[in-house]
Amino acid sequence: MFFQKDIETMSRKQLEELQLERLKWTVDYCYKNVPFYTKKLDEAGVTADKIKSLDDIKYIPPTTKADLRDNYPFGLFAKPMKEIVRLHASSGTTGKPTVVGYTKHDLDLWSDCMARLCTAAGATSDDIVQISFGYGMFTGALGLHYGLEKIGATVIPNSSGNTEKALMYMRDFGTTVLVATPSYALYMCETAKSLEYPMSDYKLRLGLLGSEGCTPEMRTQIENGWGLFATDNYGMSELIGPGVSGECQERCGLHFNEDYFLPEIVDPETLETRDEGEYGELLVTTLTKEGIPLLRYRTRDITKLNYEPCKCGRTHARMEKVQGRSDDMLKIRGVNIFPSQIESVLIGMDQVSPHYQLVVRREGFADTLEVQVELVDSSLLDSYGKIQELQKNIAKRIQTVLGIQCKISIVEHGTIERFVGKAKRVVDLRKENK
Ligand code: ZN
């Protein structure tokens, strides 16, 4: 059940003492070895001995993805290339990618992180694991690969592509665990069903999904399709790759590897610390990394943290699934809103499609939010009573999730624009009135 029980079940007090000691080390290490941080910390007047408690982290200026890009390729490395044993890069959609380097110690801690999360999800040395992430500069495949080998599982480095061959290995080798993105896991399942072999030829029992978001509905589809149990994990190459946090079998949040990574939740606009349990942007400070240590890295991911010990016995904080990106945040009447939160309400309702649009206006001094929702079956529009009831129902659910009132407009099927790629869900008319 545990890979490193003593660490994973440490008391909060012990954990915080360890984090404070490691935070001081990291600040000092960054100051001495990365000119970018020497300058930044000098400007902010922060030194390691000024950090007296974990709260003092707020005096450290955050680091952004732009800082990594501006220092391309190796500007933020704290070790000479002689000590770097691996490079990875994230694919930048525009311009240069971000490059990260690992020392031997970093690869070891990364494997520990993954070994813990895979064990928490239920993987053991008896498992045969097929990795269907693409190998290469992307961190996903090798991260899980070494973590799973560390727990003694049999790893098949199959990579992605050639799905029929992957399915043949699965049948012939008796694969029990699948590592894949949710969408590929689903695609593999559809392909398996289209082949002549019965589904009973497949022995999958566990899915370690990751690298892209997965709605609860999609997860259920994958679980039912394959007859497996699936967990989710979270990470990013800037921080280490996968392995920053992941679900245990209780699936009530993603356990943060808090002895290696210090999480904070802040207001994305002011960067002020949010109270425990409140949503905000996740900042992460690496606590022991040598190759490319990062102070208060802005993930832009919106989530919240729960510090209550979990039923599984682990004490490390649990992070909720990412709710959205801070770049997409809308502020309405002082409340932070993410389109994804509204989407989650709509996805759970049969009568409406997942296509919607949010219109924000300023009426007098107050902001108003209109949610335009599309019907699945337009004939419902003939019944005024039913439409009213549906409007009320959606408004009530949204108020429960967001805590604000909004106007619901029901429109005919096919009215709302479809997008290829990233959807533009928000029309903010407030800016035009200024
Ligand atoms: Zn747990």
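Residues numbered from 1 in each chain as written. Predicted model: local features only at pLDDT ≥ 70, side-chain atom pairs only at ≥ 80, totals over all residues. Heavy atoms only, no water.

1. A short note on the sheet that holds strand β20 (residues 407-411)
Strand order in this open sheet of four strands is β20-β19-β18-β21, and the pairing throughout is mixed. Looking at which strands have only one partner, the edges of the open sheet turn out to be β20 and β21 (426-428). Put simply, the sheet's adjacent strands are angled 20 degrees from each other on average, direction ignored. By the bridge criterion, three bridges tie strand β18 (residues 352-363) to β21 in an arrangement that is parallel. Pairing of Leu358 across the sheet is with Val426, part of β21. Contacting β18, β19 (366-375) and β20, helix α11 (residues 384-402) runs over the sheet at an angle of about 135 degrees to β20. (Pairing = 2+ DSSP bridges. Helix = DSSP H or I, 4+ residues; strand = E, 2+ residues; numbered from the N terminus. Axes fitted to C-alpha atoms, helices over the stretch in contact; angles between N-to-C directions. Contact = heavy atoms within 4.5 Å.)

2. Quick word on the domain arrangement of the protein chain
For the protein chain, the assigned domains read domain 1 (1-325) and domain 2 (330-428). Relative to domain 2, the C-alpha centre of domain 1 lies at a distance of 33 Å. Facing 10 residues of domain 1, the contacting portion of domain 2 comprises six residues. Roughly 610 Å² is buried in total at the junction of domain 1 and domain 2, and carbon and sulfur atoms are behind 50% of that figure. Across the contact surface, domain 1 and domain 2 share one salt bridge. If you look at where domain 1 meets domain 2, you find one residue pair in polar contact (both at pLDDT 80 or more). (Domains from an automatic or database assignment. Buried area = accessible area lost by both parts, 1.4 Å probe. Salt bridge = Lys/Arg side-chain N within 4 Å of Asp/Glu carboxyl O. Polar contact = N/O pair within 3.5 Å; in protein donor to acceptor, adjacent residues only side chain to side chain.)

3. Re unusual backbone geometry
Omega for the bond connecting Tyr72 with Pro73 falls within 30 degrees of zero, at -10 degrees, which places this linkage in the cis form. Structurally, Pro73 is set in the loop between α4 (65-70) and β1 (86-90).

4. Description of the layout of surface pockets
Estimated volume of the second largest pocket: approximately 500 Å³. Along its surface, the second largest pocket is lined by 22 residues, and Asp55, Pro263, Glu264, Thr273 and Tyr307 are the ones closest to its centre. The set of elements that each furnish at least two residues to the lining of the second largest pocket consists of α2 (12-33) and β10 (261-266). Partitioning the lining of the second largest pocket into residue classes produces eight nonpolar, three polar and 11 charged. (1 Å grid on protein atoms, 1.4 Å probe; cavity = no way out; pocket = protein on both sides within 12 Å on 5 of 7 lines; lining within 4 Å. Points joined across faces, edges and corners; volume = space filled by probe spheres on them. Nonpolar A, V, L, I, M, F, W, Y, C, P; charged D, E, K, R; others polar.)

5. Quick notes on helix α8 (residues 182-194)
For α8, with 13 residues, the first-to-last C-alpha span of 19 Å sits near the 18 Å given by 1.5 Å per residue. Those residues of α8 lying buried are Pro182, Tyr184, Ala185, Leu186, Met188, Cys189, Thr191 and Ala192. Among the structural elements, α7 (163-173), β5 (177-180), β6 (206-209) and α9 (216-226) are those in contact with the buried residues of α8. (Expected span 1.5 Å × (residues − 1). Buried < 20%, exposed > 50% of the residue type's maximum accessible area, 1.4 Å probe, protein only.)

6. Notes on the pairing of β1
One face of the sheet, then the other: side chains in a regular strand alternate in exactly this way. Counting buried positions along β1 yields four of five residues, so the element is predominantly enclosed. With five bridges joining them, β1 and strand β2 (residues 98-102) adopt antiparallel strand pairing. Each residue of the ladder has a partner; that of Arg86, found in β2, is Tyr102.

7. Quick word on the nonpolar core
In terms of nonpolar packing, the biggest core is built from 66 residues, with Leu144, Leu148, Leu208 and Phe261 touching the most fellow members. Ranked by residue count, the leading element in this core is helix α5 (residues 104-121), at eight residues. Listed in part, the 26 residues of the second largest apolar core include Ile332, Ile337, Val345 and Cys406. (Core = buried A, V, L, I, M, F, W, Y, C linked by side-chain atoms within 4.5 Å.)

8. Overview of the sheet that holds β10
Within the open sheet, the four strands sit side by side as β10-β11-β12-β15. Their pairing is antiparallel. With partners counted over all chains shown, the strands left at the sheet margins are β10 and β15 (324-325), one partner each. Relative to strand β12 (residues 297-303), strand β11 (residues 280-286) runs antiparallel, the two being bridged by four bridges. By the bridge assignment, Gly280 is partnered in β12 with Thr303.

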